[in-house]
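Summary of structural features
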Amino acid sequence: MSRQALGPATGLSSGSISNVVTELAAEGLVEEAGHVESDGGRPRTLLRVAPRAGYLIGIDIGETRVRAELFDLAMTELARCELPLTGGARDIDTVIAHTARSIAAVLEESGIAAEALTGIGVGVPGIVERTPEGAVVHGQTVGWDAVPLERLLRGATDLPPATAFHISNGTMALGQAEMWYGGGRGTTDAAIVLFGSGVGACIVTDGQIHGIDHGTPAEFGHLTVQVRGRTCRCGSRGCLEAYTGAQAILSRWHEAGGPDPDEATEEYGISRLLAAARPEAAGAEADPTALAILDDTAEYLAAGLADLVNLFQPQRILIGGWAGLQLGPLVLDTIRERTRGYALHHPGRHTEITLSTLGPDAITQGAATLPLNHLLHHTTTAQPPVPAERLPR
């Protein structure tokens, strides 16, 4: 954009824009990107984020795999690595080893030196506690009890001591990605729901993510939706996650006569459920048991979303996560209708419910925004980062 176009986009005066652009250019974060003709005046200079001013790694520590992606400062993906967690995220030693391997792999693939990293963002399944020794993660559903994740990662990686780790809950990372780049754009009040092995939500009010400063997400999956209901992975009973998490869906299907959920991965199990519920391509009839499981899942999820509507009155609810994106096209209309039925009428009419727009990799993108966000809020007048081509590899 040109300086002139930045005025209407930001609401800042031309003087303020000039000052900010000058500061960002001095930091090496903004550069000129050609010119565009103006109506009767001199050509206007276009500005852009300087892609090679720094590099970001985003890591999603999920319950079934560790995924890492490396981006430049313009958030263009340069490399990726995904390693499965066959034993699940409970094995913290394997999680640490996979995370360290994935960091090394994306640096090697991209040819970027570790010294050029602006920072590493990590999305995790749990509550993040900030301590003087670094981030500590409490992940009750995956058996993490005060895991000193930042200290363990520093000990397992061969990175410069100054490399910054920014660790946050994965759902909050997803929420930030959606608000910056996805379906949350244009709203100030939103709820981004992560629907995967477990269930979580990121709450955004007045443009601010609830709990982002102290690492405490909204534990949406542990709302009670059935008194004395099914046992949840957290140890309680009747939690929303005990009915709508991928593990719970496959367990309920098995109890109703479906296949054993332990025979394959959760992703494959959900794919089989969908195939049974809509086998049109094969010319077969839909399995009524699979349809009933999906209908019950939509019912419970709608009840939970109605709680979000009544509590926070968001303008928009986005359903994301790998399971949400797989199941969403089949059950989204049902979820919308039943959420309106459970919610108070006025806020229910004014809340849009739709699917996440960034795809199943959104947590890694959101994790990468964590060091980027820190950079934008803590820039100094120091020399800009050394270009990658001048650093040893």
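This text gives an overview of the structure that appears in the document. (Residues numbered from 1 in each chain as written. Predicted model: local features only at pLDDT ≥ 70, side-chain atom pairs only at ≥ 80, totals over all residues. Heavy atoms only, no water.)

**Considerations on the overall build of the protein**
As a reminder of what qualifies: The way it works is that DSSP assigns letters per residue, a run of H or I at least four long becomes a helix, a run of E at least two long becomes a strand, and they are numbered from the N terminus. Radius of gyration: over C-alpha atoms. The globule rule applied is 2.2 Å multiplied by the number of residues raised to the 0.38 power. In this scheme, a residue with accessible area under 20% of its type's maximum is buried, one over 50% is exposed, and one in between is partly exposed, where area comes from a 1.4 Å probe on protein chains only. Two residues form a contact once any of their heavy atoms are found within 4.5 Å. Accessible areas in this description were obtained via Shrake-Rupley with a 1.4 Å probe; residue shielding takes into account the shown protein chains only. Positive residues here are Lys and Arg, negative ones are Asp and Glu, while His and the chain termini are left out of the count. Every charge is mapped to an atom, namely NZ of Lys, CZ of Arg, CG of Asp or CD of Glu.
Across its full length, the protein carries 12 helices and 15 strands. Rg of the C-alpha trace for the protein: 23 Å, near the compact-globule value of 21 Å for 393 residues, within the 12% margin. Along the first, second and third principal axes, the C-alpha atoms of the protein reach 70 × 50 × 45 Å. Out of the 393 residues in the protein, the part that is buried amounts to 50%. For the protein, the share of sequence-separated contacts (at least 6 apart) that also reach a separation of at least 24 residues comes to 60%. Carbon together with sulfur atoms contributes 50% to the accessible area of the protein, which is approximately 18600 Å² in total. On the protein, the mean spot of the 28 positive side-chain charges and the mean spot of the 46 negative ones are 3 Å from each other.

**Examining the side chain of Thr364**
Threshold: Within 3.5 Å is the distance limit for a polar contact, defined as a pair of N or O atoms, with the added protein rule that one can donate a hydrogen and the other accept it, and that residues adjacent in sequence qualify only through two side-chain atoms.
In this fold, Thr364 is placed in helix H12 (residues 362-377). At 2.6 Å, the side chain of Thr364 and the side chain of Glu69 are in polar contact. Beyond its immediate stretch of four places on either side in the chain, Thr364 contacts Gly58, Ile59, Asp60, Arg67, Glu69 and Phe71.

**Details of the sheet that holds strand E9 (residues 144-147)**
Cut-off, in case you're wondering: By this definition, two strands are paired if DSSP reports at least two bridges between them. For helices, the axis comes from a line fit to the C-alpha atoms of the stretch in contact; other axes are also lines fit to C-alpha atoms, and the angle between any two N-to-C directions lies between 0 and 180 degrees.
Read from one edge to the other, the open sheet built from three strands follows the order E7-E8-E9, with strand pairing classed as antiparallel. Of all strands in the sheet, those with a lone pairing partner are strand E7 (127-131) and E9, marking the two edges. On average, each strand axis in the sheet is inclined to that of its neighbour by 20°, with strand direction left out of account. The pairing of strand E8 (residues 134-139) with E9 spans two bridges and is classified as antiparallel. Residue pairing in the sheet places Val137 in a bridge with Val147 of E9. The strands that helix H4 (residues 149-156) touches are E8 and E9; relative to E8, the one it contacts most, it runs at about 120°.

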